[in-house]
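Coordinates in review
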Amino acid sequence: MSKQRVRLDADRMSDEGEKLLSFLQERIKGQDDAIKDIVKADEMSRSGLLQPDRPIYAGLFLGPSGVGKTLTAEMLAEYWFGSRSAFTKVSCEAMSEPHGISSLIGSPPGYVGFHSPKDKEGSAPILAQSRIDRHDLRCVKDQEEIKKLLSDLDDQLRKLDKEIDSVARAGFKDPKSHDRLIKLQDEQDSLEKETRKLLLRLRDRQRSYRSIILFDELEKGNETLHNLLLTIIDKGKLTLANGMITDFTRSVIMLTSNVGSKEIASLIGNKKIGFAASAQAGEDEALNDEIYRRAKKAAQDRFRPELLARMDRISVFRPLSSSVIREIMDAELKRFVDEMKGLFKISLIIGDEVCEHILNEALDKPQEGARLLRRKINSNLREPISRLKLRNMLPQPGGKLYISLQDKKVIFSK
Ligand SMILES: Nc1ncnc2c1ncn2[C@@H]1O[C@H](COP(=O)(O)OP(=O)(O)OP(=O)(O)O)[C@@H](O)[C@H]1O
Ligand SMILES: [Mg+2]
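Residues numbered from 1 in each chain as written. Chains lettered and ligands numbered in written order. Predicted model: local features only at pLDDT ≥ 70, side-chain atom pairs only at ≥ 80, totals over all residues. Heavy atoms only, no water.

**Topic: the overall build of the chain**
A count of helical and extended segments in the chain gives 14 helices and 10 strands. For 414 residues, the compact-globule estimate of 2.2 N^0.38 gives 22 Å, and the chain exceeds it by more than 25% at 28 Å. For the chain, with 414 residues in total, the buried portion stands at 44%. Contacts spanning at least 24 positions in sequence make up 72% of the contacts within the chain whose residues lie at least 6 apart. Across the chain, the mean location of the 72 positive side-chain charges is 2 Å away from that of the 65 negative side-chain charges. (Helix = DSSP H or I, 4+ residues; strand = E, 2+ residues; numbered from the N terminus. Rg over C-alpha atoms; globule rule 2.2 N^0.38 Å. Buried < 20%, exposed > 50% of the residue type's maximum accessible area, 1.4 Å probe, protein only. Contact = heavy atoms within 4.5 Å. Lys, Arg positive; Asp, Glu negative; His and termini not counted. Charge placed at Lys NZ, Arg CZ, Asp CG, Glu CD.)

Written out as structure tokens, the structure reads:
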């Protein structure tokens, strides 16, 4: 009797994947396609089913300013390593300056900027393994632990050296001193073996750290930088000027560019880049396809086909519709209210008209995308509240601070 086959559901996300997806969706609004790719990359990196000679993921993020491209790197860093700045950011524009590339990969021996593996980590080139891995907290913990063990071993070896030296100097008149020397040398051998083992362990562990590298404003990078990127994405590794090799097979590589944003803006019939003209834009399938096509075309005109062909995905970040901007504002305000509760134990009661006022101000410069929103929350709420705090005018812990609008000005009362 043949055994019944069980159909396996490979479409369903893993629980970990679902968790990351909802984490990102809560924080990055209206960019689900790009986010889902990141989740797939995360699942691959967890499963161990990585391609041996490629980064975990290499994606090009296109789209206007202030719509969540950099935010995506920040949020993955927050999820993986607990801090939104725990990733390596390379400004492609700066890399086109004369010393740009050497700050990335170092200089050859004999030149200013040469970095020997024994030098301090801070002086290592930006793309050195130790620099890209240092955001992975496991890396920091492991390195501290292993460095401590190595330094203990080093102390013991030094002591032994001295002892061996003094036994040898005393000569071998005493027959026992010969045996003693052999014993000390055996001990020295085993400590050296232990040191080698630890160094190997360190190298092995290095193969399991994850990293995120964001190359910002790719269109401003020069030919040398683009070639370097080709190598990283194609081979999953890069030889630095000092001969050391950086492994990128556990890296997520994100490249961002604004090319095509003008085309997108004209497509949605709005010179105001950053926002869709109507609340529906972004939900309209045909329009979405056209946005994607135009942005991709602009990228094809600007970047070399070899580079584009090596991307796992070209994601086009959409202009944010006003309803998405409103959602972002609600989330930002909620975070602010929670922060005040945590800091001063006061409840903020924010009137709807205040929210409308902040939203209108934030929509004032659409070319900045959602970037203006945080600044407007700061100028309308954070700054005045900190002033009230310094002048001891905030309600007592447990109290309420009422925020309303009068003559287009935000006012506070308790
Ligand atoms: N989709 C979004 N969801 C939530 N917040 C967003 C979104 N897009 C932008 N923001 C807010 O705006 C800020 C700036 O966005 P971000 O840094 O991602 O811009 P960008 O797309 O990288 O633009 P640029 O091309 O100018 O670098 C974010 O830190 C966040 O506060
Ligand atoms: Mg950015």
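After that view, the rundown keeps rolling.
**Points about the domain arrangement of the chain**
In terms of domains, the chain is made up of domain 1 (15-125 + 209-316), domain 2 (137-206) and domain 3 (322-413). Placing a centre on the C-alpha atoms of domain 2 and another on those of domain 3 gives a separation of 61 Å. (Domains from an automatic or database assignment.)

**A short note on unusual backbone geometry**
Backbone geometry places glutamate 217, a non-glycine residue, at a positive phi of 55 degrees. With respect to the secondary-structure elements, glutamate 217 resides in the loop between β3 (211-216) and α8 (223-235). On the basis of relative accessibility, which here comes to 24%, the residue glutamate 217 falls in the partly exposed class. With a phi angle near 45 degrees, aspartate 407 is a residue other than glycine that sits in the positive phi range. Counting through the fold element by element, aspartate 407 comes out in the loop between β9 (400-406) and β10 (409-413). For aspartate 407, a relative accessible area of 75% gives the class exposed.

**Remarks on the layout of surface pockets**
Think of a ball as big as a water molecule: rolled over the atoms, this probe shows where empty space is left. Size it by volume and the second largest pocket reaches roughly 770 Å³. Elements with a contribution of two residues or more to the lining of the second largest pocket: α1 (15-27), α3 (69-81), β6 (251-257), α12 (322-344) and α14 (371-390). (1 Å grid on protein atoms, 1.4 Å probe; cavity = no way out; pocket = protein on both sides within 12 Å on 5 of 7 lines; lining within 4 Å. Points joined across faces, edges and corners; volume = space filled by probe spheres on them.)

**Things to note about the site of ligand 1**
Neighbouring ligand 1 are 20 residues, the closest being Lys29, Ser65, Gly66, Lys69 and Thr70. The contact in question runs from an oxygen atom of ligand 1 to an N or O atom on the backbone of glycine 66, over 2.7 Å. The side chain of arginine 374 places a nitrogen or oxygen atom 3.3 Å from an oxygen atom of ligand 1. Taken by itself ligand 1 offers 630 Å² of open surface, and the protein chains cover 90% of this. Applying the majority rule of atoms within 2 Å of the grid points places ligand 1 in the second largest pocket. At the level of elements, α3, α12 and α14 are the ones that each hand at least two residues to the shell around ligand 1. In terms of residue count, α3 provides more of the shell around ligand 1 than any other element does, 3 residues in total. Of the residues that constitute the shell around ligand 1, the class distribution is 7 nonpolar, 6 polar and 7 charged. Split by domain, the shell around ligand 1 shows at least three residues from each of two domains, domain 1 (15-125 + 209-316) and domain 3 (322-413). (Near = heavy atom within 4 Å. Polar contact = N/O pair within 3.5 Å; in protein donor to acceptor, adjacent residues only side chain to side chain. Areas by Shrake-Rupley, 256 points an atom, 1.4 Å probe, with all protein chains shown as cover. Sits in = over half its atoms within 2 Å of the grid points. Nonpolar A, V, L, I, M, F, W, Y, C, P; charged D, E, K, R; others polar.)

**Quick word on a negative patch on the surface**
On the surface, Asp161, Asp186, Glu187, Asp189 and Glu192 cluster together into a negatively charged patch. Ranked by residues supplied to the negative patch, first place goes to helix α7 (residues 175-206) with 4 residues. With respect to the helices and strands, aspartate 189 occurs in helix α7. (Patch = residues over 30% accessible without salt bridge, like charges linked within 9 Å, V, L, I, M, F, W, Y side chains within 5 Å. Salt bridge = Lys/Arg side-chain N within 4 Å of Asp/Glu carboxyl O.)

**Re the packing of α12 against helix α13 (residues 352-362)**
Packed helix pairs are characterised by how far apart their axes lie and by the angle those axes make with each other. α13 packs onto α12 with a crossing angle of 120 degrees between their chain directions and a minimal axis gap of 11 Å. Taken together, the axes of α12 and α13 are oblique relative to one another. When the axes of α12 and α13 are compared, the crossing they make is right-handed. Where α12 abuts α13, its residues Ile325, Arg326, Met329 and Leu333 lie against Cys355, Glu356, Ile358 and Leu359. Taken together, the residues that form the contact of α12 with α13 break down as 6 nonpolar, no polar and 2 charged. (Axes fitted to C-alpha atoms, helices over the stretch in contact; angles between N-to-C directions. Parallel < 35°, antiparallel > 145°, perpendicular 65-115°, else oblique. Left-handed = near helix turned anticlockwise from the far one by under 90°.)

**With respect to the side chain of serine 45**
You can see serine 45 is positioned in helix α2 (residues 32-47). Reaching out from serine 45, the side chain makes a polar contact with the backbone oxygen of aspartate 42 at a distance of 3.0 Å. Setting aside chain neighbours within four positions, we find serine 45 in contact with Leu50, Ile56, Trp80, Arg210 and Arg250.

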